[in-house]
Amino acid sequence: KIHRKIINITSIGGICGNVGQINYTAGKAAIIGVTKAMAKEFGQYNINVNAVMPGIVETPMHHRAREMIGDEMFDHVLQNSVHVRRRGQPEEIAATILFLCSDEASYITGQVIVVDGGIITGGIAASRLVSATRPRASPSITSVCAEAHI
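Keep in mind the model is a prediction, meaning the values are calculated, not measured.

## With respect to a nonpolar patch on the surface
Reasoning step 1: Residues Ile15, Val114 and Ile120 make up a contiguous nonpolar surface patch of about 220 Å² in total accessible area.
Reasoning step 2: Note on placement: Val114 falls in strand E3 (residues 112-115).
Reasoning step 3: Taking relative accessible area as the criterion, Val114 reaches 33% and is therefore assigned partly exposed.

Here it is, written out as structure tokens:
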């Protein structure tokens, strides 16, 4: 039996929200809903549909955010909201996607796999931290920080 796979990529912004990023949050939340609806609709055709939800991952977007808010603030966010106290690596996200594409994941569908170092399990929400520490930040800084989930 051939199983086909669809893997959507969303973001913790889709469930946590981001300051200054209503559009980004809405888009990422929509991917979650679409993933679940597609899984229900396409399951009869042996198509598994899942999503991967990364947190703060070592990417150019996060490098830009670090430049905008500074090393001290960025490190503060990592220490107070990421339980493993580091950024994720692209290879960790890729490994999750590869697993979901494997035969071992043929019974997994309609799920959102969170790969965020523990951010959404609790603690200081990153967007709240940025708001609390920079209450009068310009919209451009707020937008960049929110886009990067920090």
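## Notes on unusual backbone geometry
Reasoning step 1: Notably, Asn46 is not glycine yet its phi reads approximately 60°, a positive angle.
Reasoning step 2: You can see Asn46 is positioned in the loop between helix H2 (22-42) and strand E2 (47-54).
Reasoning step 3: The exposure class of Asn46 is partly exposed, given its relative accessible area of 23%.
Reasoning step 4: Phi angles above zero are rare outside glycine, and Arg85 is one such case at about 60°.

## Notes on the confidence of the model for the protein chain
Should the pLDDT be low somewhere, the predicted coordinates at that spot are not to be read in detail.
Reasoning step 1: Summing up the model confidence of the protein chain, the mean pLDDT is 83 and the portion of residues at 70 or higher is 81%.
Reasoning step 2: Counting interchain partners and residues more than four positions distant, the pLDDT-below-50 stretch residues 128-150 has 48 contacts.

How each quantity is defined
- Residues numbered from 1 in each chain as written.
- Predicted model: local features only at pLDDT ≥ 70, side-chain atom pairs only at ≥ 80, totals over all residues.
- Heavy atoms only, no water.
- Patch = residues over 30% accessible without salt bridge, like charges linked within 9 Å, V, L, I, M, F, W, Y side chains within 5 Å.
- Areas by Shrake-Rupley, 256 points an atom, 1.4 Å probe, with all protein chains shown as cover.
- Salt bridge = Lys/Arg side-chain N within 4 Å of Asp/Glu carboxyl O.
- Helix = DSSP H or I, 4+ residues; strand = E, 2+ residues; numbered from the N terminus.
- Buried < 20%, exposed > 50% of the residue type's maximum accessible area, 1.4 Å probe, protein only.
- pLDDT = per-residue confidence, 0-100.
- Contact = heavy atoms within 4.5 Å.

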